[in-house]
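Listed below are the residues making up each chain.
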Amino acid sequence: MTIRKALTVAGSDTSGGAGIQADLKTFQEFDVYGMTALTTIVCMEPKTWDHQVFPVALDIVEAQLKTVLEGIGIDAMKTGMLGSVEIIELVSQYIDRYDLKRIVIDPVMVCKGTDEVLQPENTEAMLEFLLPRADLVTPNLFEASQLAKSGPITTLDQMQEAAAIIHERGAKNVLIKDRGKLSEGKAMDLLYDGNKFEWFEADTVVTKYTHGAGCTSSASITANLAKGLTVRDSVQQAKAFITQAISNGFPLNEFVGPTRHSAHRQSANS
Ligand code: PXL
């Protein structure tokens, strides 16, 4: 069978656990061929792990999009850290120009160790340019509150309200992840397709080593979409994948520990 292809338009996490590195490792685990359009490069101060974000020039982002979309073609695409309003607009133009399908928008707004990576104007640009083109948008609680322009989300009911508002902004499907914050002992994900709310839950894993979990989760959904699964089935499979990856997270140094993208192989082999 021909191998399916996916593109990630995202930042580079030099430490390897998040960003395009997480996306490519995840695509590989699903036997999906991964390609990249790099938008930013994130580096860390070794003694403090403060993050520094170096933007990639717009014409270089465009050259990468052209390479992949005109020169090769894709089955699915995800976005991660986009870095600027100009990049967000550019991505939306390329989605239209190449009539791209199976688009996952991971609305990355902050990463640990940085102040707000995504400025308010970038949130506005995501609402205007990306949500209407998204088959799925995958915010955590903070990102969902920003996209819905609500206050902090502190209950499961408020998750549903936010999902409905974000759906109205044009995303065909909305997946909000509470990352274990709202229900004792459970990591609750809510999927809303405009008709029905569906909850996916897993036991919370007590660990510090969750760096890159959001990227890994949205990348696994993208890989499943590239392989032809429905959004709902992609989300369900991705939940099992990310839960295993988090359960097997590990430290890189005193500051950071990523999820383990290959963890699902152990259970496959045992
Ligand atoms: O986890 C959010 C994230 C996304 N993308 C890049 C990052 C981070 C956090 O460090 O570096 C490139």
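Everything that follows concerns the structure shown earlier in this document.
What comes next is a walk through the structure. (Residues numbered from 1 in each chain as written. Predicted model: local features only at pLDDT ≥ 70, side-chain atom pairs only at ≥ 80, totals over all residues. Heavy atoms only, no water.)

**Topic: the pattern of salt bridges**
1) Next: Under the criterion given, the structure shown has 12 salt bridges.
2) Next: Between Glu124 and Lys149 there is a salt bridge, and its shortest N-O distance comes to 2.6 Å. With Glu124 in helix H4 (residues 120-130) and Lys149 in the loop between helix H5 (141-148) and helix H6 (156-168), the pair connects residues that are 25 residues apart, well separated along the chain.
3) Next: For Lys149, a relative accessible area of 51% gives the class exposed. (Salt bridge = Lys/Arg side-chain N within 4 Å of Asp/Glu carboxyl O. Helix = DSSP H or I, 4+ residues; strand = E, 2+ residues; numbered from the N terminus. Buried < 20%, exposed > 50% of the residue type's maximum accessible area, 1.4 Å probe, protein only.)

**As for the side chain of His211**
1) Next: With respect to the helices and strands, the residue His211 is situated in the loop between strand S9 (197-203) and helix H7 (213-226).
2) Next: Separated by 2.7 Å, the side chains of His211 and Asp13 make a polar contact. (Polar contact = N/O pair within 3.5 Å; in protein donor to acceptor, adjacent residues only side chain to side chain.)

**Some details on the packing of helix H1 (residues 19-29) against H7**
1) Next: Across the interface, H1 lies against H7 with an axial gap of 8 Å and an inter-helix angle of 40°. With respect to H7, the element H1 is oriented oblique. Helix-helix and strand crossings are classified by hand; for H1 and H7 the assignment is right-handed. In this structure, H1 contributes Gly19, Ala22, Asp23, Thr26 and Phe27 to the contact, and H7 contributes Cys215, Thr216, Ala219, Ser220, Thr222 and Ala223.
2) Next: Of the residues contributing to the contact of H1 with H7, the split by class is 5 nonpolar, 5 polar and 1 charged. (Axes fitted to C-alpha atoms, helices over the stretch in contact; angles between N-to-C directions. Parallel < 35°, antiparallel > 145°, perpendicular 65-115°, else oblique. Left-handed = near helix turned anticlockwise from the far one by under 90°. Contact = heavy atoms within 4.5 Å. Nonpolar A, V, L, I, M, F, W, Y, C, P; charged D, E, K, R; others polar.)

**Regarding the environment of Ile74**
1) Next: Tracing the chain through its elements places Ile74 in the loop between helix H2 (58-71) and strand S4 (76-79).
2) Next: Ile74 sits in the buried class, given a relative accessible area of 18%.
3) Next: Put simply, Ile74 and Lys5 are 69 residues apart on the chain and 5.1 Å apart in space, counted from C-alpha to C-alpha.
4) Next: Filtering out sequence-adjacent residues up to four positions away, Ile74 remains in contact with Lys5, Leu7, Met35, Val68, Leu69 and Leu100.

**Re the environment of Ala22**
1) Next: Mapping Ala22 onto the fold places it in helix H1.
2) Next: Here Ala22 falls in the buried class, since its relative accessible area comes to 0%.
3) Next: Expressed as a C-alpha distance, the spacing of Ala22 and Ala219, which sit 197 residues apart in the sequence, is 7.8 Å.
4) Next: When neighbours within four sequence positions are excluded, Ala22 is seen to be in contact with Gly16, Gly17, Cys215, Thr216 and His261.

**Some remarks on the nonpolar core**
1) Next: Counting 47 residues, the largest nonpolar core has Leu7, Leu65, Met77, Ile166 and Ile176 as the members making the most contacts within it.
2) Next: At 6 residues, helix H3 (residues 85-97) tops the list of elements feeding residues into this core.
3) Next: Contact partners of Met77, with chain neighbours within four places excluded, come to Leu7, Val9, Val91, Ile95, Leu100, Arg102, Ile103, Val104 and Thr222.
4) Next: One finds Val104, Leu175, Leu225 and Phe241 within the second-largest nonpolar core, a separate group that totals 19 residues. (Core = buried A, V, L, I, M, F, W, Y, C linked by side-chain atoms within 4.5 Å.)

**Points about unusual backbone geometry**
1) Next: Positive phi outside glycine occurs at Trp49, with the angle close to 65°.
2) Next: On the secondary structure map, Trp49 appears in the loop between strand S2 (33-44) and strand S3 (51-55).
3) Next: A residue is classified by how much of its surface remains accessible, and Trp49, at 18% relative accessible area, is buried.
4) Next: Look at Arg102: it is not a glycine, yet its phi comes out positive at around 60°.
5) Next: With respect to the helices, strands and loops of the structure, Arg102 is situated in the loop between H3 and strand S5 (103-105).
6) Next: Residue classification places Arg102 among the partly exposed residues on the basis of a relative accessible area of 35%.

**Describing the packing of H7 against helix H8 (residues 231-247)**
1) Next: Close contact between H7 and H8 brings their axes to 8 Å; oriented N to C, the two are set at 140°. Looking at the two axes, H7 sits oblique to H8. Relative to H8, the crossing made by H7 is right-handed. Contacts between H7 and H8 involve Ala213, Thr216, Ser217, Ser220, Ile221, Asn224 and Leu225 from the former and Val231, Ser234, Val235, Gln237, Ala238, Phe241, Ile242 and Ile246 from the latter.
2) Next: For the contact of H7 with H8, the class distribution of residues is 9 nonpolar, 6 polar and no charged.

**Remarks on H2**
1) Next: Taking 1.5 Å as the rise per residue, H2 with 14 residues should run 20 Å; its terminal C-alpha atoms sit 19 Å apart, in good agreement.
2) Next: As for H2, its buried residues are in contact with strand S1 (5-13), S2 and H3.
3) Next: A positive phi of about 100° marks Gly73, the residue just after H2. (Expected span 1.5 Å × (residues − 1).)

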